[in-house]
Amino acid sequence: VYGEKAGCGFEITGHVEKGGLIYLCAGSRPNIVPETCEAVIEGNYKQYTESYKKFLNTNNLTGDIEEEGNHTKLILKGKSAHASTPEEGINAVVYLCKYLATVVDNKVVDFVLEYLDDCHGKKLGIDHTGLMGPLTLNLGVISYYKEEVKIVLDLRCPHDMDFDAMVTKFKHACANYEFRETHDLGKALYIDPNSKLITNLHEAYVSVTGDTVNKPQAIGGGTYAKSMPNCVAFGAEFLGEDNLIHGNNENIKIDSLLKATEIYCHALYNLIKAD
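Residues numbered from 1 in each chain as written. Predicted model: local features only at pLDDT ≥ 70, side-chain atom pairs only at ≥ 80, totals over all residues. Heavy atoms only, no water.

1. Some thoughts on the overall build of the chain
Next, step 1: Check the secondary structure of the chain and you find six helices and 13 strands.
Next, step 2: When its C-alpha atoms are laid out on the principal axes, the chain stretches across 75 × 40 × 25 Å.
Next, step 3: Across the chain, every contact between residues at least 6 apart in sequence was considered, and the portion connecting residues at least 24 apart equals 68%.
Next, step 4: Looking at the chain as shown, the accessible area adds up to about 14,900 Å², and 50% of this sits on carbon and sulfur atoms.
Next, step 5: Positive and negative charge centroids in the chain, built from 26 and 38 side chains respectively, lie 1 Å apart. (Helix = DSSP H or I, 4+ residues; strand = E, 2+ residues; numbered from the N terminus. Contact = heavy atoms within 4.5 Å. Areas by Shrake-Rupley, 256 points an atom, 1.4 Å probe, with all protein chains shown as cover. Lys, Arg positive; Asp, Glu negative; His and termini not counted. Charge placed at Lys NZ, Arg CZ, Asp CG, Glu CD.)

2. Comments concerning the nonpolar core
Next, step 1: Residues Leu24, Leu100, Phe111, Leu116, Leu155, Met166 and Phe170 are the most contacted members of the largest nonpolar core, which totals 55 residues.
Next, step 2: Per-element accounting of this core gives the leading share, seven residues, to helix α2 (residues 92–100).
Next, step 3: The residues touching Leu24, leaving out its near neighbours within four places in the chain, are Cys37, Glu38, Ala39, Leu96, Cys97, Leu100, Val108, Ile142, Ser143 and Tyr144.
Next, step 4: With 14 residues, the next largest nonpolar core counts Leu189, Ile198, Ala225 and Phe238 among its residues. (Core = buried A, V, L, I, M, F, W, Y, C linked by side-chain atoms within 4.5 Å. Buried < 20%, exposed > 50% of the residue type's maximum accessible area, 1.4 Å probe, protein only.)

3. Brief notes about the pairing of strand β6 (residues 71–77)
Next, step 1: Taking burial as the measure, the seven residues of β6 include five buried ones, the bulk of the element.
Next, step 2: Here strand β5 (residues 62–68) pairs with β6 via seven bridges, running antiparallel. From the neighbouring strand, Glu68 faces β6, where its bridge partner is His71.
Next, step 3: Between β5 and β6, which pair antiparallel and follow one another directly, the connecting turn spans two residues, one of which, Gly69, has a positive phi of 65°. (Pairing = 2+ DSSP bridges.)

4. Some remarks on the layout of surface pockets
Next, step 1: Its volume calculated, the largest pocket comes out at about 1,800 Å³.
Next, step 2: Val1, Ile219, Gly235, Glu237 and Ile245 are the residues nearest the centre of the largest pocket, which is lined by 47 residues in total.
Next, step 3: Broken down by secondary-structure element, the contributors of at least two residues to the lining of the largest pocket are β2 (6–15), β10 (148–157), α5 (196–209) and α6 (254–274).
Next, step 4: Within the lining of the largest pocket, the residues separate by chemical class into 24 nonpolar, 16 polar and seven charged. (1 Å grid on protein atoms, 1.4 Å probe; cavity = no way out; pocket = protein on both sides within 12 Å on 5 of 7 lines; lining within 4 Å. Points joined across faces, edges and corners; volume = space filled by probe spheres on them. Nonpolar A, V, L, I, M, F, W, Y, C, P; charged D, E, K, R; others polar.)

5. What about the sheet that holds strand β1 (residues 3–4)?
Next, step 1: One open sheet holds the three strands; their spatial order is β12-β1-β13, and the pairing between them is mixed. A strand with exactly one partner marks an edge of an open sheet, and here the two such strands are β12 (189–190) and β13 (218–219).
Next, step 2: Pairing of β1 with β13 involves two bridges; the strand directions are parallel. Pairing of Glu4 across the sheet is with Ile219, part of β13.

6. Overview of the packing of aromatic side chains
Next, step 1: Under the defined criterion, the tally for this structure stands at eleven aromatic pairs.
Next, step 2: Consider the rings of Phe234 and Tyr264, whose centres lie 5.7 Å apart with planes at 65°: the pair is edge-to-face. On the criterion of sequence distance, the pair formed by Phe234 in the loop between β13 and α6 and Tyr264 in helix α6 is long-range, its members being 30 residues apart.
Next, step 3: When its relative accessible area of 23% is taken as the criterion, Phe234 is described as partly exposed.
Next, step 4: Taken together, the aromatic side chains of Phe111, Tyr115, Tyr177 and Phe179 make up a single cluster linked through ring pairs.
Next, step 5: In this arrangement the basic side chain of Lys98 is found over the ring face of Tyr95, its NZ or CZ atom lying 4.5 Å from the centre.
Next, step 6: The positively charged end of Lys259 is found above the aromatic ring belonging to Phe238, 4.9 Å away from the centroid. (Phe/Tyr/Trp six-rings, centres within 6.5 Å; stacked < 30°, edge-to-face > 60°. Lys NZ or Arg CZ within 6 Å of the ring centre and 35° of its normal.)

7. Concerning the sheet that holds strand β11 (residues 180–185)
Next, step 1: The antiparallel open sheet is built from eight strands, whose spatial order is β5-β6-β4-β3-β9-β10-β2-β11. Either end of the sheet is taken by a strand with one partner, and the two such strands are β5 and β11. Across the sheet, the mean angle separating the axes of adjacent strands is 20° when strand polarity is ignored.
Next, step 2: For strand β9 (residues 136–145) and β10, the ladder comprises nine bridges, and the chain directions are antiparallel. Residue Ile142 lies in a different strand from β10, and its bridge partner there is Ile151. (Axes fitted to C-alpha atoms, helices over the stretch in contact; angles between N-to-C directions.)

Written out as structure tokens, the structure is:
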């Protein structure tokens, strides 16, 4: 892995009058596309049932509508994905806001649809595709209750983009809604894919597997390689194998472990020989 995008976080907060929206909530971690979003809106659920079901059917989504005291509770189901590949998910917040925009007048809903309704930052004007691929943006957490909102975003940013310009665009968007923003900009990792380090590691992989098609890559995720100079992540996962990474019963096949060990031996020899 010759490149790891910078992990950047933004938190947006502010006071917003209800305008028919009482509650909106989704997500527990910013690095996951939220699969479920819930909202409570003013009015009896019977007046929204037909339009909400039509919206779900039109967008091939599932969800529920329930009576919540004198008001209405809406639940929408999307599809989760990792923040490094948000395009593989369906963000439940964005889709529920699309419906809410037809029945409430609330600035949180407007902000989401104006600036956060795409996973590459185009609506914010921060989209960038560099040597490590495109910037990705994930609206991971949203909480709106008692007229106070908090939105948490997870961005994965190529090393060759203008980070100061990105922050300026965020500040401008937030100012338009009288929101506040705080941010934490991580560091990217990039080592020339034609460097001796990368070419020697790749040669070790090819010498054992015979695979000349798949090349070194850049990723949106992060590894401990960022904590050391001249260091990259290398292995040990093979194509076509599901190791349940970061999940229950994470595993590796013994044959794959032995093959990885052989590759590492070749890699160490290549690096020593190179010096």
